[in-house]
Amino acid sequence: MLKPILVFFSAIILSCGSTKKQTQNTSAEGTTSTEETVDPQKLMAEGYMLGTIVYSDKEGDCPYTIQMPGDKMEFYYLDPINLEEKFKVDGQKVWIKFNGLRRMNRCDKATPAEIVDIKKGG
């Protein structure tokens, strides 16, 4: 009686482990960028927005924010909680898909956001 129960739970645990790895691989692929040529119209149709990485060492600012175009030639800033190191380049243009987060701001001028996907801009 004990062996069938042990086999059953072992099978469940192993199947959960493989599902978790697949999910992690999928999410890692979702946030990677490609080095291929980008088509701005295609990216905008897919829901991407063009932004600029901005570095700041001022007190009260986040070290890296993404400046996004707003209404009437004004800008707003995103505080990306999951910005990869390779994108931490001041002035770099990026195409991003993001989700706004409802959480306390880490810095004065930027709104917290989670990057869903990011690609180098042109």
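Residues numbered from 1 in each chain as written. Predicted model: local features only at pLDDT ≥ 70, side-chain atom pairs only at ≥ 80, totals over all residues. Heavy atoms only, no water.

Chemist: Would you mind showing me how to read the state of the cysteines here?
Modeler: By definition, a disulfide links the sulfur atoms of two cysteine residues through a covalent bond. Tallied over the full model, the rule gives one disulfide. A sulfur-sulfur distance of 1.9 Å marks the disulfide that ties C62 to C107. Because the torsion about its S-S bond is -90°, the bridge between C62 and C107 counts as left-handed. Placement of C62 in the loop between strand 1 (49–55) and strand 2 (64–69) and of C107 in the loop between strand 4 (93–100) and strand 5 (110–120) is noted, with a sequence separation of 45 residues between them. (Disulfide = S-S within 2.5 Å. Helix = DSSP H or I, 4+ residues; strand = E, 2+ residues; numbered from the N terminus.)

Chemist: Got a minute to help me understand the packing of aromatic side chains in this structure?
Modeler: Across all of its chains, the model carries one aromatic pair by this definition. Relative to Y64, the ring of Y55 lies with its centre 5.1 Å away and its plane at 50°, an arrangement referred to as tilted. Of the residues examined, Y64 reaches a relative accessible area of 23% and is grouped as partly exposed. It is K109 that lies over the ring of Y77; its NZ or CZ is 4.4 Å from the centre. (Phe/Tyr/Trp six-rings, centres within 6.5 Å; stacked < 30°, edge-to-face > 60°. Buried < 20%, exposed > 50% of the residue type's maximum accessible area, 1.4 Å probe, protein only. Lys NZ or Arg CZ within 6 Å of the ring centre and 35° of its normal.)

Chemist: Can you help me understand the pairing of strand 1 in this one?
Modeler: Side chains on a regular strand alternate between the two faces of the sheet. Examined bridge by bridge, strand 1 and strand 4 share four bridges and lie antiparallel to one another. Bridge pairing in strand 4 places T52 opposite K93. Relative to strand 2, strand 1 is paired through four bridges, and the arrangement is antiparallel. Looking at strand 2, one finds that I53 is bridged to I66. (Pairing = 2+ DSSP bridges.)

Chemist: How should I be thinking about the pattern of salt bridges in this particular structure?
Modeler: What the rule picks out here adds up to four salt bridges. D79 serves as the salt-bridge partner of R106, at 2.6 Å between the closest nitrogen and oxygen. In this pair, R106 sits in the loop between strand 4 and strand 5 while D79 sits in strand 3 (residues 75–80), placing the two residues 27 residues apart along the sequence. Take D79: its relative accessible area is 2%, and that puts it in the buried class. (Salt bridge = Lys/Arg side-chain N within 4 Å of Asp/Glu carboxyl O.)

It is worth stressing that arrangement in space is one thing and function is another; only the former is reported here.
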